[in-house]
Amino acid sequence: MSSPFLWGVASSAFQIEGALDADGRGPSVWDVFAERPGAVRDGHSPAPACDHYHRWAEDVELLDRLGVNAYRFSLAWPRVVPTGRGAVNGAGLDFYDRLVDALLARGITPVPTLFHWDLPQALEDAGGWSERDTAYAFAEYAAAASDRLGDRVDRWITLNEPLVHTTYGHALGVHAPGRTLAVPEVMRVAHHMLLAHGLAAGELRSRGLEALLTNNYSPVSPATGSEADAAAAHAYDTLHNRLFTDPVLTGAYPDLSAFGVAEVPGVREGDLKAVAGSADGLGVNYYNPTVATAPDEGSGLPFGFGEVAGAPVTAFGWPVVPEGLGRMIDLLRERHGEALPPLYVTENGCSHEDRVSPGGRIADPERIAYLEGHVAAVEAARERGADVRGYFVWTLTDNFEWAEGYHQRFGLVHVDHATQARTPKDSFAWYRDLVAARTASAGA
Ligand code: IFM
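Because the structure is predicted, anything quoted here is derived from the model rather than measured. (Residues numbered from 1 in each chain as written. Predicted model: local features only at pLDDT ≥ 70, side-chain atom pairs only at ≥ 80, totals over all residues. Heavy atoms only, no water.)

## Description of the UniProt feature "binding site: substrate" (unreviewed entry) in the chain
- As recorded in UniProt, the feature "binding site: substrate" (unreviewed entry) lies at Q15, H116, N160, Y287, W394, E401 and W402.
- Positionally, Q15 belongs in helix α1 (residues 13-16).
- In this fold, N160 is placed in strand β4 (residues 155-160).
- Given the relative accessible area of 0%, N160 is considered buried.
- Residue contacts for N160: discarding those within four places in its chain leaves R72, T113, F115, H116, W117, T214, N285 and E347.
- Of note is the side chain of N160, whose polar atom sits 2.8 Å from the side chain of R72. (UniProt positions renumbered as here; feature names shortened; annotations may be inferred. Helix = DSSP H or I, 4+ residues; strand = E, 2+ residues; numbered from the N terminus. Buried < 20%, exposed > 50% of the residue type's maximum accessible area, 1.4 Å probe, protein only. Contact = heavy atoms within 4.5 Å. Polar contact = N/O pair within 3.5 Å; in protein donor to acceptor, adjacent residues only side chain to side chain.)

## Regarding the packing of aromatic side chains
- The full count for this structure, using the stated rule, is 31 aromatic pairs.
- Look at F259 and F303: their rings are 6.3 Å apart centre to centre, the planes differ by 65°, and that puts the pair in the edge-to-face class. Highlighted residues: F259 in the loop between α11 (246-250) and α12 (271-275) and F303 in the loop between β8 (290-293) and β9 (304-305), separated in sequence by 44 residues.
- Centre to centre, the rings of W430 and Y431 are 6.4 Å apart; their planes meet at 25°, and the pair counts as stacked.
- Since its relative accessible area comes to 18%, W430 is described here as buried.
- One aromatic cluster in this structure is built from F14, W30, F33, W117, F400, W402 and Y406. (Phe/Tyr/Trp six-rings, centres within 6.5 Å; stacked < 30°, edge-to-face > 60°.)

## With respect to the pairing of strand β11 (residues 388-394)
- Within β11, 6 of the 7 residues are buried, which leaves it mostly tucked inside the rest of the structure.
- When strand β10 (residues 343-347) meets β11, the two strands line up parallel, connected through 2 bridges. Within β11, the position partnered with V345 by the bridge is Y391.
- Handedness of the β10-helix α14 (residues 365-383)-β11 crossover: right-handed. (Pairing = 2+ DSSP bridges. Right-handed = clockwise from strand over helix to strand, strands pointing away.)

## Focus on the sheet that holds strand β6 (residues 220-222)
- Pairing within the open sheet is mixed, and its 3 strands lie in the order β6-β8-β9. Of all strands in the sheet, those bounded by a partner on one side alone are β6 and β9.
- Where helix α10 (residues 227-242) meets the sheet, its contacts fall on β6, β8 and β9, and the angle it forms with β6 comes to roughly 170°. (Axes fitted to C-alpha atoms, helices over the stretch in contact; angles between N-to-C directions.)

## Things to note about the site of the ligand
- Close contacts around the ligand come from Q15, H116, W117, N160, E161, Y287, W318, E347, W394, E401, W402 and F410, and that covers them all.
- Within the side chain of W394, an N or O atom sits 3.3 Å from an oxygen atom of the ligand.
- E401 is positioned such that a nitrogen or oxygen atom in its side chain is 2.6 Å from an oxygen atom of the ligand.
- Bound to the protein, the ligand loses 95% of the 280 Å² it would expose on its own. (Near = heavy atom within 4 Å. Areas by Shrake-Rupley, 256 points an atom, 1.4 Å probe, with all protein chains shown as cover.)

## Digging into a nonpolar patch on the surface
- A surface patch of nonpolar side chains, about 270 Å² in accessible area, is lined by Y168, L172 and V174.
- Residue placement: V174 occurs in the loop between α8 (162-170) and α9 (183-206).
- Accessibility expressed as a relative area gives 39% for V174, which makes it partly exposed. (Patch = residues over 30% accessible without salt bridge, like charges linked within 9 Å, V, L, I, M, F, W, Y side chains within 5 Å. Salt bridge = Lys/Arg side-chain N within 4 Å of Asp/Glu carboxyl O.)

## Regarding the nonpolar core
- The biggest cluster of nonpolar side chains holds 138 residues, and the ones touching the most others in it are W30, W77, F138, Y391 and Y431.
- Take this core: its biggest share by element is 10 residues, from α9.
- Not counting residues up to four positions away in its chain, the partners in contact with Y391 are F5, L6, W7, G8, V345, N348, L371, H374, V375, V378 and Y431. (Core = buried A, V, L, I, M, F, W, Y, C linked by side-chain atoms within 4.5 Å.)

Dropping the structure here:
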């Protein structure tokens, strides 16, 4: 019997867990970065997040009420290996062990991600992703985590959105670890993350488990028919949609000459072999398409950004274009053909300034419309023959949205950050009904 389509929600450790000092957890780059003045909007502290570390049972009950058959969450590397490499913290693994058992008891498939940007600070102090050793440390951590949970969890995501971690964290300096490296050094970071994925996939597969890689994808179009805009769109597409995908599917980096990079630094013999063919599935995180323009003078980048005309926007200002998700799936299929593994939409959702009405109801019609459009786009892509095996809403609970602090609310469940009270929004009931209808018709 083939596995059922996964209808789920996604989250990440640092954004929800809180309890940063509990049970032997070590500091991560985000603990340290968030302390920098100005790093997080209005100085919001990530320390409480959603206190999921203590309220996980309540959150599992919410998942049960939602009726999803899958839950994507991440393990905090610094909880499992507090100094990044070496001694494994049993108490950290116990937390995920309990979570996995509680999910399985409710028929919810756990889909863990091993790295969602919270690198142990001790590894950053030793050079972070600029150092090849970080890739080996990651593989050891993947081995330890899967040794503990692999008897119950067979599908693992290695990295979440390495592109965002690489560019926002190591080029633009607006995410942890807040570095602003020159382009070739940014590419070295990218290579070490890809190597980490390849080595971790080897560990997972040697235990009979599946290894997925999740990227952020965005179909890119030029703002006008000019040659300059076309070149910009090509460059941005290479960075966003190919840098972390081509090596995994084809064993080669795309042409990075638009970035002045003839050869990616740090690549050693055998690295691309470890990376090629190392994904049993691709996670597609999709939020919006991109319009590229020729760069502004002196920007140092081969592209600029234009506006997506006529689309409504989210609280983040991101244009809402559901067909973009279908376009992206089609593009991946056209581009990679037989080499493309099964796809999972591992994140999709939107932030809105949700208001709690005096009776306690949270009406979020924009979120419902957003999700409805995107689910329809996924289903249409499947009808065209795309092998998409899951769809995960970002996210269950409003949470710590990185440099935006608690300002952007993406959850199906509202969280009062002063009291930690959880209140399902209208979109929660809408998604619950959708999942019930789809799982009933699949079972019929
Ligand atoms: O909250 C993030 C998540 O951590 C990674 N993907 C995008 C989401 C919304 O910005």
